[in-house]
Amino acid sequence: MAGILCLIAACLAAVTTTTAQAATALPCDIYGSAGTPCVAAHSTTRALYSGYNGPLYQVKRADGGLADIGLLTTGGVANAAAQDSFCANTTCIINVIYDQSPRHNDLTIEGEGGAGRADVGAPANALPVSVGGHTAYGVEISSGMGYRDNSTSGVAVNGQPEGMYMVASSTHVNGGCCFDYGNAETNNQDTGNGHMDAVYLGLRCEFGGCNGPGPWVAADLENGLYQSNTGTSAGDPGPGILPYVTAMLSNNGQNHFALKRANAQTGGLTTTYSGSEPTVKSGYSPLHQEGAIVLGTGGDNSNADVGSFFEGVMTTGVPSDAADSAVQANIVSAGYGGSNGVPGGSLTPGSSISLRATTACCTTRYLRHANGDAVTSVISSDLDKADATWIVRRGLANQSCLSFESKNYPGDYLRHSNYQLHRQPFDGSGLMAQDATFCATAGNSGAYTSFQSDNYPGYDIRHYNSNVYIAHNGGANPWDTTTLWAQDTTWEVTAPWA
């Protein structure tokens with residue numbers, strides 16, 4: 001009887017161990033177990049294998065110094081503090097994004113191509129996010145930025161089957177070509193239809209008749225962004241404006257491809273197309289992939305796009321629907337979010353806040369963004385609440401001061417331009433870093449807080465006729481009027497609306 005009980009206990013222990021392992025399986029573990037192993041696994045935010053403990057990416061400092069940024073724990077989240085320490089009081093770019101797969105298909109800054117000059121690296125601190133409650137940095141791509149590997153191992157070529165996904169953001173997109181992740185040409189040139197197989201997210205509607213304003217998930221198969229075999233998918237309005245989007249593409253390389261999308265923070269996948277290769281142009285059946293990997297540009301280094309990238313993998317073979325669904329569930333469980341701090345309404349970096357006007361006329365109004373501009377308004381809807389919530393960051397240009405990142409547009413910051421305040425994506429430039437840095441001072445009205453521009457001393461954030469400016473008391477502009485200047489430049493830091 002004791003022997004039988006021991007056997008039962010051993011079986012239960014084995015089941016428990018198996019369950020624990022399954023619970024911690026990460027995307028490339030899942031795909032590998034399903035028979036479609038990863039041949040590329042790129043992320044600046046987290047491990048994509050449960051057993052991975054190597055570097056995620058390399059940063060390059062303005063003085064040329066290099067540092068690899070790894071993980072807090074094996075199979076865990078990026079060690080953002082290592083980047084913060086290495087890049088303190090200077091600037092850094094992301095120089096290399098390491099491949100976590102055994103193939104070592106690392107991405108470096110892309111060189112000149114048929115449609116674009118040599119790219120520059122993305123600013124390393126432009127896109128702070130939270131993953132499972134820990135700070136990490138995504139890759140904020142602006143026009144002229146991109147990464148590539150033209151000498152890969154194991155990536156599909158000449159009609160071989162493959163799959164891929166990326167976690168990106170639909171809050172930071174445009175209609176420029178082309179925010180891609182996936183298979184591309186090996187010479188940075190457009191070598192013809194079917195020579196690419198990459199997943200795309202953006203506002204580009206190349207065949208007309210797209211559903212709504214976008215953005216959309218599409219397959220960049222070279223010389224066409226395909227939402228379906230006819231180019232357009234009139235039935236799919238796209239994911240909407242979400243801070244985190246899962247975009248998936250699978251292609252058997254012969255006669256079939258499929259597209260899926262999801263909210264990377266909640267829920268499951270939606271298949272937006274599953275059918276034949278494109279029929280509106282020739283050259284796609286079979287494909288002629290060349291096996292390079294591209295991130296943030298088109299195959300010929302078309303680099304007029306913008307985008308945000310957090311993680312992505314490529315597989316050999318077409319993953320099963322079950323494997324894709326399990327990967328999406330893991331992405332959701334990773335806990336992508338905006339703020340990494342306690343939302344207590346303090347000016348501690350990482351905290352989420354809202355800013356309330358204190359002038360007697362306007363004490364129900366809060367600083368928010370609307371259509372890219374900073375305004376004040378009464379807050380009522382859920383959209384208002386999200387637009388009026390900001391994440392406190394160390395000053396992009398002066399770490400003793402502050403910058404304010406949009407809660408619902410990760411990577412976008414409050415900055416002044418021609419004295420007016422706007423919400424704009426950080427492009428890595430020194431000018432924007434300065435324009436987006438503000439120093440907190442005692443409130444000019446004798447209470448609360450005022451915020452002085454770091455690069456325009458004596459100019460404070462002020463609301464005036466519902467718009468928001470940097471204003472100088474008694475200056476030449478209408479919003480510099482001395483009337484109510486002290487009150488209009490004083491803000492109460494409150495708990496966040498969202």
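Predicted, not measured: the structure shown is a model, and the values here were computed from it.

A. How the structure looks around the pairing of strand E1 (residues 38-43). Among the 6 residues of E1, 6 are classified as buried, and the element is accordingly described as predominantly covered. As paired strands, E1 and strand E19 (residues 307-316) are joined by 5 bridges and run antiparallel to one another. Within E19, the residue paired with His42 across the bridge is Gly312.

B. View of the sheet that holds strand E6 (residues 128-131). If you walk across this open sheet you meet the 3 strands as E7-E6-E20, and the pairing is antiparallel. Whereas interior strands pair on both sides, the edge strands pair on one side only; in this sheet they are strand E7 (134-137) and strand E20 (336-337). As defined by bridge partners, E6 adjoins E7 across 4 bridges and the pair is classed as antiparallel. The residue of E7 that forms the bridge with Ser130 is Thr135.

C. Structural context of the sheet that holds strand E2 (residues 57-61). If you trace the 10 strands from one edge of the open sheet to the other, you get E3-E2-E4-E5-E9-E18-E11-E12-E13-E14, paired in antiparallel fashion. The open sheet terminates on both sides in strands that have one partner only, identified here as strand E3 (66-69) and strand E14 (225-226). Note: strand E13 (residues 216-220) against E14, 2 bridges, orientation antiparallel. Across the sheet, the residue bridging to Asp220 is Leu225, located in E14.

D. Quick peek at the confidence of the model for the chain. Chain-level statistics for the chain give a pLDDT mean of 93 and a share of 94% at 70 or above. Ignoring residues within four places in sequence, the model shows residues 1-23, a span with pLDDT below 50, making 0 contacts including any to other chains.

E. Quick peek at the environment of Gly116. Along the polypeptide, Gly116 turns up in the loop between strand E5 (107-109) and E6. When the C-alpha atoms of Gly116 and Ala304 are compared, they prove to be 8.4 Å apart, with 188 residues separating the residues in sequence. Beyond its immediate sequence surroundings of up to four residues, Gly116 is in contact with Asp300, Asn301 and Asn303.

F. Examining helix H4 (residues 321-334) more closely. When the terminal C-alpha atoms of H4 are compared, their 20 Å separation across 14 residues agrees well with the 20 Å that a helix rising 1.5 Å per residue should span. Buried within H4 we find Ala323, Asp324, Val327, Gln328, Asn330, Ile331 and Ala334. Down the axis of H4, the sector holding all buried residues measures 160°, keeping them to one side. Residues of H4 that are exposed and point over 90 degrees away from its buried face: Asp321, Ala322 and Ser333. Directly after H4, the chain includes Gly335, whose backbone phi takes a positive value near 80°.

G. Here's a closer look at the state of the cysteines. In the structure shown here, the tally under the stated rule is 6 disulfides. The disulfide that involves Cys205 links it to Cys210, with 2.0 Å between the sulfurs. Judged by the torsion about the S-S bond (100°), the Cys205/Cys210 disulfide is right-handed. By relative accessible area, Cys205 is classed as partly exposed at 27%.

H. Spatial organisation of the environment of Thr152. Along the chain, Thr152 falls in the loop between strand E9 (147-149) and strand E10 (162-168). In this structure, the C-alpha to C-alpha distance between Thr152 and Val39, residues 113 residues apart in sequence, is 9.2 Å. Not counting chain neighbours up to four residues away, the residues in contact with Thr152 comprise Asn105, Gly291, Ala292 and Ile293. A distance of 2.4 Å separates the side chain of Thr152 from the backbone oxygen of Gly291, its partner in a polar contact.

I. Expanded view of the pairing of strand E21 (residues 352-357). For E21, the tally of buried residues reaches 6 of 6 residues, placing the bulk of the element in the interior. Taking every second residue as pointing to the same face, both faces of E21 are buried, with Ser352, Ser354 and Arg356 on one and Ile353, Leu355 and Ala357 on the other. Inspection of the sheet shows E21 paired to strand E24 (residues 390-394) by 2 bridges, in the antiparallel sense. The partner of Ser352 across the bridge, within E24, is Ile391. Of the strand pairs in this sheet, E21 and strand E32 (residues 491-494) are connected by 4 bridges, and their pairing is antiparallel. Each bridged residue has a counterpart across the sheet, and for Ala357 the counterpart in E32 is Trp491.

J. Seen up close, unusual backbone geometry. Along the chain, Cys177 connects to Cys178 via a cis peptide bond; the corresponding omega equals -15°. Take Cys178: it is sitting in the loop between E10 and strand E11 (180-184). The step from Gly214 to Pro215 runs through a cis peptide bond, and the omega angle for that step is 5°. Examined against the element boundaries, Pro215 turns out to sit in the loop between strand E12 (197-202) and E13.

The rules behind the values
Residues numbered from 1 in each chain as written. Predicted model: local features only at pLDDT ≥ 70, side-chain atom pairs only at ≥ 80, totals over all residues. Heavy atoms only, no water. Buried < 20%, exposed > 50% of the residue type's maximum accessible area, 1.4 Å probe, protein only. Helix = DSSP H or I, 4+ residues; strand = E, 2+ residues; numbered from the N terminus. Pairing = 2+ DSSP bridges. pLDDT = per-residue confidence, 0-100. Contact = heavy atoms within 4.5 Å. Expected span 1.5 Å × (residues − 1). Arc of directions from axis to C-beta. Disulfide = S-S within 2.5 Å. Polar contact = N/O pair within 3.5 Å; in protein donor to acceptor, adjacent residues only side chain to side chain.

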